[in-house]
Amino acid sequence: MIIVTGCVTARPDSFEALFQASLDHVHRSRAEGGCISHGVHVDAEDPLTLVFFERWRDMAALQLHFLQPGSGEFMLAIKAYAVRPGTLELYEASPIKR
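Here is a short report on the structure shown in this document. For every chain, the first residue of its written sequence is number 1, and the numbers climb from 1 along that sequence. Note on the predicted model: pLDDT of at least 70 is required for a residue's local features to be given, and 80 or more for side-chain atom pairs to be given and counted; whole-chain, interface and lining totals, by contrast, use all residues. Where side-chain values are given, they derive from all heavy atoms of the structure, hydrogens and water being excluded.

### Focus on the nonpolar core
Here is step 1 of the chain: Side-chain atoms within 4.5 Å link the members of a nonpolar core, which is a set of buried Ala, Val, Leu, Ile, Met, Phe, Trp, Tyr and Cys residues. For each residue, the accessible area found with a 1.4 Å probe, counting protein chains only, is set against the maximum for its type, and the residue is called buried under 20%, exposed over 50%, and partly exposed in between. Ranked by size, the top nonpolar core spans 13 residues in total, and within it Val 8, Leu 18, Val 40, Leu 50, Phe 52, Phe 74 and Ile 78 carry the most contacts.
Here is step 2 of the chain: Sorting the residues of this core by element identifies helix H1 (15-30), strand E3 (49-56) and helix H3 (69-81) as the ones contributing at least two each.
Here is step 3 of the chain: Ranked by residues supplied to this core, first place goes to H1 with 4 residues.
Here is step 4 of the chain: Every residue pair with non-hydrogen atoms within 4.5 Å of one another is taken to be in contact. Look past the residues within four positions of Leu 50 in its chain and what remains in contact with it is Gly 6, Cys 7, Val 8, Phe 15, Leu 18, Phe 19, Ser 22, Val 40, His 41 and Val 42.
Here is step 5 of the chain: Formed by 6 residues, the second largest nonpolar core is a distinct cluster that contains Ile 2, Val 4, Trp 56 and Ala 61. Going along the chain from the N terminus, every DSSP run of H or I of four or more residues is numbered as a helix, and every run of E of two or more is numbered as a strand.

Below, the structure written as structure tokens:
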């Protein structure tokens, strides 16, 4: 499984637009093959920062996700509404059976 984390900080005048673009992106992404979960949350300490947490079946599914037109549209929204480029980190993980 691939875990993706990221965050982006909106300008005060563009938070609502970035939040809506993020929700649209999350909802599109959840319908893609290989998406286990995909969510966006408002940072509890900085209400202009959005935090993303995603789980993908494998790297191939994530790479297909990055190629989707909606992913490109979302990157354009980040450029338009964010204070600076966001962060993105990828992790390879497997569940621990207890």
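Anyway, onward from the coordinates.
### Considering the sheet that holds strand E1 (residues 2-9)
Here is step 1 of the chain: Two strands qualify as a pair provided DSSP detects at least 2 bridges between them. Taken in spatial order, the 4 strands of this open sheet run E2-E3-E1-E4, and their pairing is antiparallel. The open sheet terminates on both sides in strands that have one partner only, identified here as strand E2 (35-42) and strand E4 (87-92). Shown here is a sheet whose adjacent strand axes are inclined to one another by a mean of 10°, direction ignored.
Here is step 2 of the chain: Sheet topology note: the E1/E3 ladder contains 8 bridges and is antiparallel. Each residue of the ladder has a partner; that of Ile 3, found in E3, is Arg 55. What counts as an axis is a line fitted to C-alpha atoms, over the stretch in contact for a helix, and the angles between N-to-C directions run from 0 to 180 degrees.

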